[in-house]
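Structural overview
Here's the letter readout for the chains.
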Amino acid sequence: MSNYDTVDSNEHPWLGRLVKVGLFLLAQGIAVLLVSFVALLVSFAPGWSAATEQASLLQPGDAKSGSLLLKDDGAYIEAIRLGIDIDITVSGPTLRTRVTQVFRNPTKDWVEATYVYPLATDGAVDTLKMVVGDRIIVGDIKERQQARAIYEQARRNGQKAALTEQERPNIFTNSVANIGPGETLLVQIEYQEPVHQSGNEYSLRVPLVVGPRYNPAPIVQSVDFRKDGSGWGATNSDPVPDRDRISPPVLDPAKNAPINPTSITVHLKAGYALAEVKSHHHNVKIESPDSTTRVVTLADGTVPADRDFELTWKPAAEKAPSVGLFREHVGDADYLLAFVTPPAAEQTAQKPLPREVAFVIDNSGSMGGTSIEQAKASLLYALGRLQPNDRFNVIRFDDTMDVLFPTSVPADTAHVGEATSFVGALQARGGTEMVPAMRAALTDKIGDTNMVRQIVFLTDGAIGNEQQLFETITAMRGRSRIFMVGIGSAPNTYLMTRASELGRGAFTHIGSVEQVEERMRGLFAKLENPAVTGLTAKFSDAKADVTPAIIPDIYRDEPLVLAAKLDKLAGSLEIKGRVGDRPWSVTLPLQNAAEGKGLSKLWARRKIGDAEVARTLHEMTPEDTDKTILALALDHQIVTRLTSLVAIDKTPSRPEGQPLKLSELPINLPAGWDFAKVFGERPQLTPTQLRERRVDAGQPAARRLAPVTPDAIRLPKTATSAELKMIAGLIMIVLALILFVFNRRQHLLTDAA
Amino acid sequence: MPRLISPLVLALVGTILFGDGAYIHAKAWLAQMLLERAFDRSVATGQPVKPWSWADTWPVARIEVKRIGASTIVLEGTSGQALAFGPGHLHQTVDAGERGVAIYAAHRDTHFRFLRDVAIGDVIDVTRSDGKRFRYRADSSAIVRFDASGIDPATQDFELVLATCWPFDAVTSGAERYLLHATLIGDGE
């Protein structure tokens, strides 16, 4: 071409040049047109882009303060300060925790504060105390509505009042009314909880923060969705009807210093000589007054409430005692708590049954940061443990879901390799639609009864629709067994325990990458070894009300924990079952039981748990369940979803006419979470909802329930960048040609000169 | 020749960009050929068949509009990867032929480009991977936001929705979606 041009220009020097200049101008004109066209498109892009719009709308700074602004008088209150002190006394098999929340009001207004906080899942909250100056007011247990009414009345009268309500078995709300300007008010709650045991190790776990939950959009049935506002409120199928109550404002750790300083003290009186005592996520100082006692305090004094506190301890003896029996006499009844660790099954000569394992991994936004690393490491470890004759599948979910293989595949090198790279590539983003993933995992496609079917479910459990998940499990569990792996610094332990209970499996917690191997090894010991099955408990003389009524299978290293209410402390307790294929039994004479504390509360708490499970299993009607729970709760003075504790100061303190402002105390983001991943993408508020809220903000009195989005179906993104790329590519090629021609023209002009 | 470098680099980048765009189309077209084969086999065997060994999805249905000669194979799931190869079945929706709404979504510039040509009243045939055929009639279309589709998943009717991005000729992706609603009029054949 170059040659041809040269020859051509030599033959008709000025004509050729003229043509080239003309062509050049033409091409330049086209290029300018194209560039301006692209510029036009690009300038439109932000307005069209769904992602950009959503991200800007969902900054909780806007959204949350919007909802805060709505409260009562419409003005945001400069922060109420909260400090927390946790004091735990472990006495043998149980522990008693006292949580003191210090509310300090540095503002010039009278304030009502609400604080949403987590507690241990199986704790029985039985005491509320409010300290005003030097007076202590002790709270009473009341039915929830009644307690609420008493509190509201006191609040209006200007009396100081405190109310403890249960939102979930592990989420509670404290409301405190009429904190005067410059005043400090103390609210104390106490709860009783059993010590956890696994193999040779005992543990306690104190959750300190409620991880922000994903609340799936409700599906509304038979509603006209026209945007005239008439469709709101006609919903009756919201999966999280109390979403407002479990979503306190969350501070962005990038923009705010950590809040809610917490101090923790543990008085550990094990009743046996102690060996190692270890705090897994906090630096602690450990003092040893004697061989059976330890006092554990935080090394740094206080820590921000942003992760679970986990303490484990081991007995000095090589093996933990395999039997523990404790009693307590309350009223006219005796209560008994029994721990029995069945012997480990002998490794039999015959090979264990091959297994079909469905691994489910949560890669939603709440898993962002360190959690997804822990989950991936755990899953990769699990994949490495599969045997060649096992079958497996991998499911990942956020608000979308992928099933790696159409059906379970043999765990050969090729398939495991494929799964490994699939897991390695996972990124944490999006919402947490857990129910479809659980459904997929529970779908028993092969139905091969020669294989044991197991589900290993890795998640932080940050959802608000726990009940939906439980119902899915009960409806579809079939012969599958569910093993939950709680990931991250503040997992939803209630979801883990209840899901594994309904799924007749076990659960474990992984709070850091360092724990992955040890905890997964423990979990695999449970998966791979035969469980203790067919367990029954029988009292020889006493009439007993035992919980759990039907004893679940016990996996390796787990103790069987029984609580019972007896009419008399006489005779013995016989426990029978099968370890692998061998019968096993143990007889415990009751007069050997040691004195324990708060056992009646633990028994009642477990009875309440049993009733909730029975309701989920449709063995009990909701009405009967409520009746049972209410009776137990009032009898034993514990907070449940139907009962609350309320404390009222008799003398009014707020002068009449002084306004009261509400402050929803913010919480930290759990440690290791990624704020943008949780709130940047999470469809908690649709634009419509937000607009509704802003409209409300203009009319302070008209606070209403957050409107719910009427649409469960989100359509995927269905445009490729192909066109854009091809156009941009073409433009660049054209520009290159123009430049080329322009350069040649310069060159030729120079030559001619 | 330094003055040649900038046009050459520009041309190279342009070619790569163009090629990248063309690759999306090529992938969409080639995948459908493989999917066609996999789908025929899964109809024959009654088992889900993967179109290629490393695929993380599998064909679940064929959508045909005879009048305009359009036919495409639908995959399970609507992850980005799946949509590159074919229309996806929204997994929280029912299968075609069941009570409720079956929703299939695909890219407007590849597999569902033909939606612009589908007229109200056209017959849409859906063949499931178990070989069952269902005949739908297109009865309305709508333009909605992606998060406010107005689709009632709990409907008592037998419905089908084909969804893609709107407008068809835009170059950037947006929040609007084009929905084609159709109602079951009978089993095929």
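Model, not experiment: these values are computed from the prediction. (Residues numbered from 1 in each chain as written. Chains lettered and ligands numbered in written order. Predicted model: local features only at pLDDT ≥ 70, side-chain atom pairs only at ≥ 80, totals over all residues.)

1. Remarks on the overall build of chain A
Along the backbone of chain A there are 16 helices and 34 strands. Within chain A, the proportion of its 753 residues that are buried is 46%. Pairs at least 24 residues apart make up 77% of the contacts formed inside chain A by residues separated by at least 6 positions. (Helix = DSSP H or I, 4+ residues; strand = E, 2+ residues; numbered from the N terminus. Buried ≥ 20, exposed ≤ 12 C-beta atoms within 10 Å, placed from the backbone. Contact = placed C-beta atoms within 7 Å.)

2. Here we look at the overall build of chain B
When you go through chain B residue by residue, the secondary structure sums to two helices and eight strands. The helix and strand sequence of chain B, counted from the amino end, reads α-β-β-α-β-β-β-β-β-β. Each of the 189 residues in chain B was classed as buried or not, and the buried ones make up 47%. Relative to all contacts within chain B whose residues are 6 or more apart in sequence, the contacts with residues 24 or more apart total 56%.

3. What about the interface of chain B and chain A?
Many structure descriptions define interface size as the accessible area lost when the parts assemble. Opposite the 52 residues of chain B that make contact, chain A presents 46 residues. Of all elements in the fold, only α1 (2-45), β4 (100-105) and β7 (158-165) of chain B reach the threshold of two or more residues within the side of chain B that touches chain A.

4. A short note on the sheet that holds strand β11 (residues 201-206) of chain A
All names here are of chain A. Read across the open sheet, the four strands follow the order β10-β11-β17-β13; overall the sheet is antiparallel. For this open sheet the edge positions go to β10 (196-198) and β13 (274-279), each flanked by a neighbour on one side alone. Neighbour-to-neighbour, the strand axes of this sheet turn through a mean angle of 25°, independent of strand direction. Across five bridges, the pairing between β11 and strand β17 (residues 309-315) is antiparallel. Of the residues in β17, the one forming a bridge with Leu 204 is Leu 311. (Pairing = 2+ DSSP bridges. Axes fitted to C-alpha atoms, helices over the stretch in contact; angles between N-to-C directions.)

5. Description of the environment of Met 484 of chain A
Residue and element names in this part refer to chain A. Residue placement: Met 484 occurs in strand β25 (residues 481-487). Spatially, the C-alpha atoms of Met 484 and Glu 501 are 9.7 Å apart, while their sequence positions differ by 17 residues. Once residues within four sequence positions are removed from consideration, Met 484 is found in contact with Phe 457, Met 496, Ala 499, Ser 500 and Phe 507.

6. A word on the sheet that holds strand β27 (residues 532-539) of chain A
Where strands meet in a sheet, backbone hydrogen bonds hold them as pairs that are either parallel or antiparallel. Residue and element names in this part refer to chain A. The three strands lie next to each other as β27-β30-β31, forming an open sheet whose pairing is antiparallel. On the outer flanks of this sheet lie β27 and β31 (582-589), each paired with one strand and no other. The sheet shows a mean angle of 15° between the axes of neighbouring strands, taken without regard to direction. Bridge analysis of β27 against strand β30 (residues 572-579) gives six bridges, and the strand direction is antiparallel. Along β30, the bridge assignment pairs Lys 538 with Glu 574.

7. A look at the nonpolar core
Ranked by size, the top nonpolar core spans 161 residues in total, and within it Phe 359, Val 360 and Phe 483 of chain A carry the most contacts. A per-element tally of this core places helix α12 (residues 599-616) of chain A first, with seven residues. With near-sequence residues (within four places) excluded, Val 360 of chain A lies in contact with Ile 395, Ala 437, Ala 441, Ile 455, Phe 457 and Leu 458 of chain A. Counting residues in each nonpolar core, the second largest holds 50 residues, with Val 60, Ala 105, Ile 124 and Ala 163 of chain B among its members. (Core = buried A, V, L, I, M, F, W, Y, C linked by C-beta atoms within 7 Å.)

8. With respect to the confidence of the model for chain A
All names here are of chain A. In this model, chain A carries an average pLDDT of 80, and 81% of its residues clear a pLDDT of 70 or more. A low-confidence stretch, residues 1-11 (pLDDT under 50), is modelled with four contacts involving residues beyond four sequence positions or located in other chains. Segment residues 681-711: pLDDT under 50, and 54 contacts once partners within four positions in sequence are set aside and those in other chains are kept. (pLDDT = per-residue confidence, 0-100.)

9. A look at helix α5 (residues 144-157) of chain A
All names here are of chain A. Here α5 is 14 residues long and its end C-alpha atoms lie 20 Å apart, about the 20 Å a rise of 1.5 Å per residue gives. Within α5 the residues assigned to the buried category are Ala 147, Tyr 151, Ala 154 and Arg 155. Considered in projection along α5, the buried side chains sweep an arc of 105° and stay on one side of the axis. Turned more than 90 degrees from where α5 packs its buried face, Gln 145, Gln 146 and Gln 153 sit exposed. (Expected span 1.5 Å × (residues − 1). Arc of directions from axis to C-beta.)

10. Here we look at the packing of helix α6 (residues 370-384) of chain A against helix α11 (residues 515-528) of chain A
Residue and element names in this part refer to chain A. Between α6 and α11, the least distance of the axes is 10 Å, while the angle of their chain directions is 45°. As judged from the angle between their axes, α6 and α11 are oblique. In this structure, α6 crosses over α11, and the sense of that crossing is right-handed. On α11, the residues that touch Gln 374, Ala 377, Ser 378, Tyr 381 and Ala 382 of α6 are Val 516, Glu 517 and Met 520. Grouping the constituent residues of the contact of α6 with α11 by class yields five nonpolar, two polar and one charged. (Parallel < 35°, antiparallel > 145°, perpendicular 65-115°, else oblique. Left-handed = near helix turned anticlockwise from the far one by under 90°. Nonpolar A, V, L, I, M, F, W, Y, C, P; charged D, E, K, R; others polar.)

11. Some points on the confidence of the model for chain B
In this model, chain B carries a mean pLDDT of 84, and residues with pLDDT of at least 70 account for 96%. As scored by the predictor, the complex reaches a pTM of 0.64 and an ipTM of 0.81.

12. As for helix α8 (residues 434-442) of chain A
All names here are of chain A. Every buried residue of α8 is listed here: Met 434, Ala 437, Met 438, Ala 441 and Leu 442. Each buried residue of α8 lies within a common arc of 130° when the element is viewed along its axis, so the set occupies one face. In this structure, the buried side of α8 is in contact with β20 (355-362), β21 (391-397), β22 (401-403), β24 (452-459) and α9 (466-476).

13. A few points about unusual backbone geometry
Residue and element names in this part refer to chain A. For the peptide bond that leads from Thr 547 to Pro 548, omega is 0°, which places it in the cis range. Tracing the backbone through its elements, the reader meets Pro 548 in the loop between β28 (544-547) and β29 (560-566). Phi is positive for Asn 260, which is not a glycine, with a value near 50°. Structurally, Asn 260 is set in the loop between β11 and β12 (261-269). Taking the C-beta count within 10 Å as the criterion, Asn 260 has 23 such neighbours and is therefore assigned buried. Even without glycine at this site, His 618 takes up a positive phi of about 60°. Here His 618 is to be found in the loop between α12 and α13 (622-636). A count of 11 C-beta atoms within 10 Å places His 618 in the exposed class.

14. Focus: the pairing of strand β26 (residues 507-510) of chain A
Where β25 of chain A meets β26 of chain A, four bridges bridge the pair, whose relative direction is parallel. Note on β26 of chain A: the bridge partner recorded for Val 485 of chain A is Thr 508 of chain A.

15. Some remarks on the environment of Asn 465 of chain A
Residues and elements named next belong to chain A. Along the chain, Asn 465 turns up in the loop between β24 and α9. With 23 C-beta atoms packed within 10 Å, Asn 465 lands in the buried category. Along the sequence, Asn 465 and Val 240 sit 225 residues apart, while their C-alpha atoms lie 5.3 Å from each other. Other than its neighbours up to four places away in sequence, Asn 465 contacts Asn 215, Pro 216, Pro 239 and Val 240.

16. Comments concerning the packing of α9 of chain A against helix α10 (residues 493-502) of chain A
Residue and element names in this part refer to chain A. The interhelical angle for the contact between α9 and α10, taken along N-to-C directions, is 15°, at an axis separation of 9 Å. Considering their axes alone, α9 and α10 lie roughly parallel with respect to each other. For the element pair α9 and α10, the recorded crossing hand is right-handed. Residues Glu 466, Leu 469, Phe 470, Ile 473 and Thr 474 of α9 lie in contact with α10, whose contacting residues are Tyr 494, Leu 495, Arg 498, Ala 499 and Leu 502. Residue classes in the contact of α9 with α10 are distributed as seven nonpolar, one polar and two charged.

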